[in-house]
There are 2 protein chains.
Amino acid sequence: MTNREDPTLLEERRPEDEVGEEDVREAEIEHLDEDDRLTREFVEAVRDAVYEGDEERVQELVEPLHPADIADLVELVPAEERPALGKAIAELMTGEVISELNEHVRDELFEDLSADAVAQIAEQMETDDAVAMIEDMEEAEQRAVLAELDPEDRAAIEDALSFPEESAGRLMQRDLVAVPEHITVGNLIDYLRDNADLTTEFWEVFVVDPAHRPVGTCQLSWILRTPRSVPIADVMKRDQTLIPATMDQEEVALRFQKYALISAAVVDAGGRLIGQITADDIVHIIQEEAGEDALLMSGAGEGDINQPIRQSYSERVRWLIANLGTALIASLIIAMFGAAIEKLVALAVLMPIVASIGGNAGTQTMAVAVRALAMNQLTQSNTVRVLWREMRVAMLNGVTVAALIGGATAFIFQPMLGVVIAVAVVINIITAGLAGVAVPVIFDRLDQDPAVASSVFVTMITDSMGFFAFLGLAVASGLVS
Amino acid sequence: MTNREDPTLLEERRPEDEVGEEDVREAEIEHLDEDDRLTREFVEAVRDAVYEGDEERVQELVEPLHPADIADLVELVPAEERPALGKAIAELMTGEVISELNEHVRDELFEDLSADAVAQIAEQMETDDAVAMIEDMEEAEQRAVLAELDPEDRAAIEDALSFPEESAGRLMQRDLVAVPEHITVGNLIDYLRDNADLTTEFWEVFVVDPAHRPVGTCQLSWILRTPRSVPIADVMKRDQTLIPATMDQEEVALRFQKYALISAAVVDAGGRLIGQITADDIVHIIQEEAGEDALLMSGAGEGDINQPIRQSYSERVRWLIANLGTALIASLIIAMFGAAIEKLVALAVLMPIVASIGGNAGTQTMAVAVRALAMNQLTQSNTVRVLWREMRVAMLNGVTVAALIGGATAFIFQPMLGVVIAVAVVINIITAGLAGVAVPVIFDRLDQDPAVASSVFVTMITDSMGFFAFLGLAVASGLVS
């Protein structure tokens, strides 16, 4: 996973053996823009070459790319052109490229591949990447691919699949360096030099007891800076953050952040060392989960632009139908005041403003609360205080917005209507502040993801309260009788 | 930043010299819950001890905590109790705790401290943490603190402050290990063993040319596994990802993810090595920026629960006023159809449904587009394709929701009204799909953050189109004349 090369430098080192028209053409195309994205010109050049069936030219263009960029290229090309591109660059489609590929695009490309061919690709990958690929497959396909793997790889992957999805056990690498406590720094260095088949992907050495339970961790820099004669037990740090294999990856990421870890030991239920997780995998996971809250709050489901349309449809339409339900409740409230609206049509003109402002204020507070919950900043110790804080912000917001809209309404329509809308806006923004904190906190206490369902409820509350407060006050104040 | 200790283990090792009532009391209080958050009971115990003025007891409770947990504790205690708590645990408030503290809480605690006292705290910190603290201060305060620092620290911090905010130059650590190309592995190990004042916080060794420009990188594991006589030039990887000091930290994080880096060299405009960035800092940054999109899309500004109320108010009210403006446009459209509503009050009852469904569909598409832009998945090469994809999802969603609401309306009110609302819903959901992609893409092309302003525009478009399509169709269809 780390022997990646900077594509910029790679390009410079490209063998200049044949300098012809082709090379001049290539030199003109910058493949990355200043934001490290593939340029439109480069993608077009590849598509043109694929279209013309000039496989040599395609390979020449794609070869200098970093595996992550090759994966991006495949995603950027329209779905119908991907098989031809895949065929032209078959040799460049390494395990590393496949593991970087969006899962939906990969599924599509794999559709016609035999289980044997997929197994061959899996064997090229690191265990954790192979697991990430195989876990997404349907069960029958999964079994077929596993059957084609060589026994050792199969055992490792089956073992990983026995842990829950998105757990440390699926994420970890099995390759690591573990040594007993009694050796010296010199012994350790000799051991590392003599065993050519040890992984090179390690940043700390784990020290274990005879039962293979971790007793300490050694940063490689400490080893390098210590004389050979010193016992490893004097160099290692005994206090370490151990990750249980069943821990959820989001929780693992929070630990890495809190304790500023570069790598950590993963232990099984018996406390035995079974793998390690490194910070580069955590960076990947956090980036993935980063946008999830915004997507979940908007009801956009997975929100992947490569997802099959039918899947996007079914994820999103559910949310829209739920929203239709809440909108109907608002409509029922409006219907209760039908007579008032018939007498004073200005009520119909102004009522969406009250609902809309409340909805916005509620979304703001909710976003703040969801964030604070995710960062472990909002706990039982300060819920009441945060609620009271948000109420005070809501009152300030409410009074400001109410003054603006109340004044304008009084001026354009009539003073009493201005008073009614101002009071309704204050009531609704305060309701929004209350609901924006309370709803996510309640979901969190019930062990539900506060980001998912909160916004349906908060919007329902602010819409209903907006129409009810405004129309109800209009009737109660005697504006319409 | 890495010598952090697992609080669980620390607690076990707590000296058991005095076993009295105090110890029994403490043993009963678990300070962390299963999600690694401070328990309510623990926070209450600390507050009680502070209230009773029992500083010894406070120290006894807080001492076993990890610095990050001490910072959490200070945040969880109400603002008015923080000075007393801070006084009781003054010795435990190390640079590490202060650097973990929320900036608003820190500002508050520092209010009464002299510049000299703040400088002393800064000198305990790593340069990057000290920079993070000092960059948030007002200019006069900043100058006062800098003047109190010893010359070497001051120079390092002033140098970091000369780079743009949130750039690699502010984030990097200046301490690193750099060696010339001609030495052997043995020379390197001797150099590391002989120089006690070198940093221990390094995971790779940078190889530089005589002008101090990086020519290669060596993972420590490669060094440990290679015989002493091998030249470093044969072990190092020549292709490396160099980070310009002026690069934005979000861009740095994307590079770390794309190339799965653990550390990277930071270079100045002349290509000279001036610092390093490690993956633990990147984990911190991504976690911080992770929730930002959701907060920005909701207009909640910084969205920090520790922010002073006045600041939260001013950030959020701006957004609500902007929203008021867009709501007024919707109201103007309704006002155009006042006569129709007076004749058929069902229009007023149903119109918020059309606007609300459109708003939701727009928010979904927008969240997807903002996410794809942030992940570099939506580029010039595939904008049109993604737009067309979203249109097809929108059509499916539109037809489904339209059938439901149209059917219900036809049944409850009248068939023609059912047709009108169904067509209006389809139009508005398709508009939402179009706007949800187009608005963020346009902001991105204009080099504006697509998360910030998109939702005001998208909501304005879907609200206006919702009311216009529904009321306009009602009139055009002859339902009302």
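Calculation criteria
Residues numbered from 1 in each chain as written. Chains lettered and ligands numbered in written order. Predicted model: local features only at pLDDT ≥ 70, side-chain atom pairs only at ≥ 80, totals over all residues. Heavy atoms only, no water. Pairing = 2+ DSSP bridges. Helix = DSSP H or I, 4+ residues; strand = E, 2+ residues; numbered from the N terminus. Axes fitted to C-alpha atoms, helices over the stretch in contact; angles between N-to-C directions. Phe/Tyr/Trp six-rings, centres within 6.5 Å; stacked < 30°, edge-to-face > 60°. Buried < 20%, exposed > 50% of the residue type's maximum accessible area, 1.4 Å probe, protein only. UniProt positions renumbered as here; feature names shortened; annotations may be inferred. Least-squares fit on C-alpha atoms with pLDDT ≥ 70 in both. Contact = heavy atoms within 4.5 Å.

Student: Any chance you could explain the sheet that holds strand S1 (residues 178-180) of chain A here in plain terms?
Tutor: Residues and elements named next belong to chain A. The strand order across the open sheet built from 3 strands is S1-S2-S3, with neighbouring strands paired in mixed fashion. Edge positions in the sheet fall to S1 and strand S3 (214-219), since each has one partner strand and no second. Adjacent strand axes in the sheet meet at a mean angle of 30 degrees when their direction is disregarded. In this structure, strand S2 (residues 204-208) lies alongside S3, joined through 5 bridges in antiparallel fashion. Directly across from valine 208, in S3, lies its bridge partner proline 214.

Student: Would you mind going over the packing of aromatic side chains with me for this structure?
Tutor: In this description, a pair of aromatic rings is defined by centroid distance and the angle of the planes. All names here are of chain B. The final tally for this structure, using the stated rule, is 4 aromatic pairs over all chains. Centroid distance phenylalanine 337 to phenylalanine 468: 6.3 Å. Interplanar angle 65 degrees. Geometry classified as edge-to-face. Separated by 131 residues along the polypeptide, phenylalanine 337 in the loop between helix H20 (309-336) and helix H21 (338-343) and phenylalanine 468 in helix H25 (residues 450-476) bring together distant segments of the chain. On the basis of relative accessible area, phenylalanine 337 is assigned to the buried category, the value being 11%. In this structure phenylalanine 468 comes out as partly exposed when scored by relative accessible area, which is 43%.

Student: For this particular structure, what's the right way to read the sheet that holds strand S1 (residues 178-180) of chain B?
Tutor: Strands belonging to one sheet form pairs held by backbone hydrogen bonds; the direction of such a pair is parallel or antiparallel. Residue and element names in this part refer to chain B. Within the open sheet, the 3 strands sit side by side as S1-S2-S3. Their pairing is mixed. Each edge of the open sheet is held by one strand with a lone partner, namely S1 and strand S3 (214-219). Each adjacent strand pair in this sheet contributes to an overall mean axis angle of 30 degrees, direction not counted.

Student: Whenever I open this one, unusual backbone geometry confuses me. Can you help?
Tutor: Note: most peptide bonds trans; most residues except glycine with negative phi. Despite not being glycine, Ala260(A) has its phi angle at roughly 50 degrees, a positive value. Among the structural elements, Ala260(A) can be located in the loop between helix H17 (249-258) and strand S5 (263-267).

Student: In this structure, what is going on with the UniProt feature "transmembrane region" (unreviewed entry) in chain A? I would like to understand it.
Tutor: All names here are of chain A. If you check UniProt for "transmembrane region" (unreviewed entry), the listed places come out as residues 319-341, 347-373, 394-413, 419-443 and 455-480 in our numbering. Taken end to end, residues 319-341 is 96% helix and 0% strand, and its first and last C-alpha atoms sit 30 Å apart. The straight-line gap between the two end C-alpha atoms of residues 419-443 is 36 Å; of that span, 100% is helix and 0% is strand.

Student: For this particular structure, what's the right way to read the relation of the copies chain B and chain A?
Tutor: Two copies of a chain can be linked by a rotation about an axis combined with a shift along that same axis. Between chain B and chain A, which share one sequence, the superposing operator has a rotation angle of 180 degrees and an axial displacement of 0.0 Å; the RMSD is 0.1 Å. Both copies of the chain, as the preceding transformation shows, are related through a two-fold rotation axis. A shared interface surface links the copies, since 100% of the contact residues of chain B are contact residues in chain A too.

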